[in-house]
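# Notes for the structure review
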Amino acid sequence: MCGIAGYVGPRKESVRLVLDNLKRLEYRGYDSAGVAVATSAGVRVLKKEGKLGNLVGALGDLATASGTVIAHTRWATHGRPSDQNAHPHTDCDGKIALIHNGIVENYLELKEKLLADGHKFASDTDTEVLVHLIESEYRVLGDMEQAVRSALRKVTGAYAICVVSEYEPGTIYAAKTASPLILGLGDGENFLASDIPAIMRHTRRVIVMEDGDFAKITAGGVILTDLESRPIDRKEFAVTWDVHTAEKGGYPHFMLKEIHEQPKTIRDTLRGRVTDEGQIVFPDFRLSPARLLDFNRIFIVACGTAYHAGMVGKSFFEHLLRRPVEVQVASEFRYSDPLVDSKTLAIIISQSGETADTLAALREAKAKGATTLAIVNVVGSSIAREADEVLYTYAGPEICVASTKAYVTQLVSLYLFGLYIAQQENKLSKDIVASYVEDLLAIPDKMAGVLADTKAVEKIALRLSNTSSCFFFLGRGLDFAVSMEGALKMKEISYIHAEAYPAGELKHGPLALVEPGVTVVCLATQSALYDKMLSNVKEVKAREGIAVAVVKENDQGLDERSVDAVLTVPSTRHDVLMPILAIVPLQLLAYYIASDLGREIDQPRNLAKSVTVE
Ligand code: AGP
């Protein structure tokens, strides 16, 4: 999730103006930043690794430069953070500059053709192929607008791009598919950005570009069409938010914004990893399948939410591959003298890629000869750099300390990797794999359906926030793994004690604590264990506990007569995929209870987003 900002108009020192605008997008992540300014004298580009301040400090005379400006803060997805991987990227002659937010799925094949045509690449990003593609088209067409259109027709993936050139220094070409881009309309000047906070100080007149939109932006106006040049009519609207609300996309907290981003982050994490033929592919993997899969034992190691994702991964791998998988918290693994050798595959999961215990566990596994695969969200993080192989989640920067979108993208990555192993080892028929893939691809829309109407869970949260002295989260099998994550969310942000238990353990002790005021959330999404969960619900109700059931749609066994509240989620053909959907009502329940209690949701007391100390 990168930050984009642009300006075309008569203002002096427009470079400084755009970089000020970009600063308001720093919550979108930054590991490098860059700016391009186009004038009749040509295109000038400056880009630096690190925070935006590094770039500003290196501007020199660019600090007071004017012209048509585009600027970018990068959240790396392909190619580690560095000066040369920062955007803008330029064509071979430095006459065209481009910035991009998204993923070019077919960049490897495009790059091969462009290299064969003699193009020289300066970075190892997917983005750079776009500007060379435009250059290649411009050489043939001699027209910038047609060159950009023609180049984009050859691209598959997600993009929000802005292009300036010395051929048309008073114009920005922009296009949007799957990544956000908005236009700010001024009087004799126009702005563009990834998000509204960047331009609010200059104009409240906004057009939100939609997928497939193509814009030609000059000081005099904006022409919106589709890629085939057919005119498009997008209504402008007046922004009424304050800046802080705008940074959260209109949501009161980053946590709620990130919960609602989950369908998109799942699409982004799936993108480019499932071929039309239903094959699971990881184009960026460096290790061959033979090398990566030469193991007879799997360890999954992580902390906190990532550990809970690992619990789901264990169940899925064992279900699919029928091989033993161990999952351990990193702080235990690293001191347990683990039974790891050269035939071990150690899967290390970490959103930040910097958690001290997890990094130490990675090093311990490597020292014992394991092959290490990292599942991380931050490109270039310590764990990403030190692992033998990396499977990135594309959740974008997760600002809220309580992890939500990172968790679901970790699950998706584990499901993909499990299917990848099964395919490589011919463990599953093509049809079976196809059925899992079909279910996975359908999940973002199903999740969006749950998020489209959260009134039921908000109502339940209001009922519970002042009546629940403590929470139990119960589940069996995969529902227990999800219960662990649901309990952590509740603890982290509401400060109400919450504990997850395998439901079958209730009568082995915890039942003694069930009494009026104790809320027991019972997950019942695993069909094979459903009847057992019904008995647990009855045990809770018999002790006058508050029972909240999480069930699949069309459930017949649990309703308001048998429990105090029911949270329903869409079903999938394969119950093993239910954790991705079942976690959403638990995230929302914790959020709305914490919100009702007035908690500091995005930065809960005593906690840090990345625990880089032991
Ligand atoms: C999750 O909501 C917590 N913020 C915490 O448990 C977190 O998952 C844990 O610290 C691991 O962080 P990582 O994924 O960045 O390694």
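Structural notes, computed from the coordinates. (Residues numbered from 1 in each chain as written. Predicted model: local features only at pLDDT ≥ 70, side-chain atom pairs only at ≥ 80, totals over all residues. Heavy atoms only, no water.)

Now for helix H1 (residues 14-23). Burial within H1 is extensive, with seven of its ten residues counted as buried. Here the buried face of H1 lies against strand E1 (3-8), strand E2 (32-39), helix H2 (52-57), strand E4 (68-74) and strand E10 (190-193). (Buried < 20%, exposed > 50% of the residue type's maximum accessible area, 1.4 Å probe, protein only. Helix = DSSP H or I, 4+ residues; strand = E, 2+ residues; numbered from the N terminus. Contact = heavy atoms within 4.5 Å.)

To describe two helices that pack against each other, one gives the angle between their axes and the distance between the axes. One can describe the packing of helix H4 (residues 128-141) onto helix H5 (residues 144-153) by two numbers: an axis separation of 8 Å at closest approach and a directional angle of 130°. The angle between H4 and H5 falls in the class oblique. Between H4 and H5 lies a crossing of right-handed hand. Here Leu 133, Ile 134, Glu 137, Tyr 138 and Leu 141 of H4 come into contact with H5, specifically with Met 144, Gln 146, Ala 147, Val 148, Ser 150 and Ala 151. The class makeup of the residues in the contact of H4 with H5 is eight nonpolar, two polar and one charged. (Axes fitted to C-alpha atoms, helices over the stretch in contact; angles between N-to-C directions. Parallel < 35°, antiparallel > 145°, perpendicular 65-115°, else oblique. Left-handed = near helix turned anticlockwise from the far one by under 90°. Nonpolar A, V, L, I, M, F, W, Y, C, P; charged D, E, K, R; others polar.)

This part takes up the site of the ligand. Taken together, 14 residues are adjacent to the ligand, and Ser 350, Gln 351, Ser 352, Thr 355 and Glu 492 come closest. One of the side-chain N or O atoms of Thr 355 is found 2.5 Å from an oxygen atom in the ligand. Within the backbone of Val 401, an N or O atom sits 2.7 Å from a nitrogen atom of the ligand. Mapped by element, the contributors of at least two residues to the shell around the ligand are helix H10 (304-321) and helix H17 (478-494). (Near = heavy atom within 4 Å. Polar contact = N/O pair within 3.5 Å; in protein donor to acceptor, adjacent residues only side chain to side chain.)

Moving on, we come to the sheet that holds strand E13 (residues 221-226). Pairing in this open sheet of six strands is antiparallel, and the strands run E5-E6-E7-E8-E12-E13 from one edge to the other. At either margin of the open sheet sits one strand with a lone partner, and together these are strand E5 (89-90) and E13. Summarising the sheet, strand E8 (residues 172-177) and strand E12 (residues 213-218) pair through five bridges and their orientation is antiparallel. Within E12, the residue paired with Ala 175 across the bridge is Phe 214. Where H4 meets the sheet, it contacts E5, strand E6 (96-104) and strand E7 (157-165), and its direction lies at approximately 130° from that of E6. (Pairing = 2+ DSSP bridges.)

What follows covers the packing of aromatic side chains. The full count for this structure, using the stated rule, is 15 aromatic pairs. Taking the centre distance of 5.2 Å and the plane angle of 70° together, the rings of Phe 299 and Phe 333 count as edge-to-face. Within this pair, whereas Phe 299 is found in strand E15 (residues 297-302), its partner Phe 333 is found in helix H11 (residues 330-333), the two being separated by 34 residues in sequence. Across the pair, Phe 333 and Phe 299 agree in class, each one buried. The interplanar angle of 90° and the centroid separation of 4.7 Å between the aromatic rings of Phe 316 and Tyr 415 together place this pair among those described as edge-to-face. With Phe 316 in helix H10 and Tyr 415 in helix H14 (residues 405-424), this pair connects stretches of sequence that are 99 residues apart. Residue Phe 316 is classed as buried on the basis of its relative accessible area of 1%. Owing to a relative accessible area of 1%, Tyr 415 belongs among the buried residues under this scheme. One aromatic cluster is present, formed by Phe 282, Phe 285, Phe 317, Phe 417 and Tyr 420 through successive ring pairs. One Lys or Arg, Arg 149, reaches over the ring of Phe 214 and ends 4.0 Å from the middle of that ring. (Phe/Tyr/Trp six-rings, centres within 6.5 Å; stacked < 30°, edge-to-face > 60°. Lys NZ or Arg CZ within 6 Å of the ring centre and 35° of its normal.)

Direction vectors running N to C along H14 and helix H19 (residues 578-596) enclose 170°, while the axes themselves pass 10 Å from each other. Judged on the interaxial angle alone, H19 and H14 are roughly antiparallel. Along its contact with H14, which presents Tyr 407, Val 408, Leu 411, Val 412 and Tyr 415, the element H19 presents Pro 579, Ile 580, Ile 583 and Gln 587. Classifying every residue of the contact of H14 with H19 by side-chain character gives eight nonpolar, one polar and no charged.

Moving on: the pairing of strand E11 (residues 205-208). Here strand E9 (residues 182-185) runs beside E11; their pairing, made up of three bridges, is antiparallel. Paired with Gly 184 across the bridge in E11 is Val 206. Pairing analysis gives two bridges linking E11 to strand E14 (residues 237-238), with the strands arranged antiparallel. Bridge pairing in E14 places Arg 205 opposite Ala 238.

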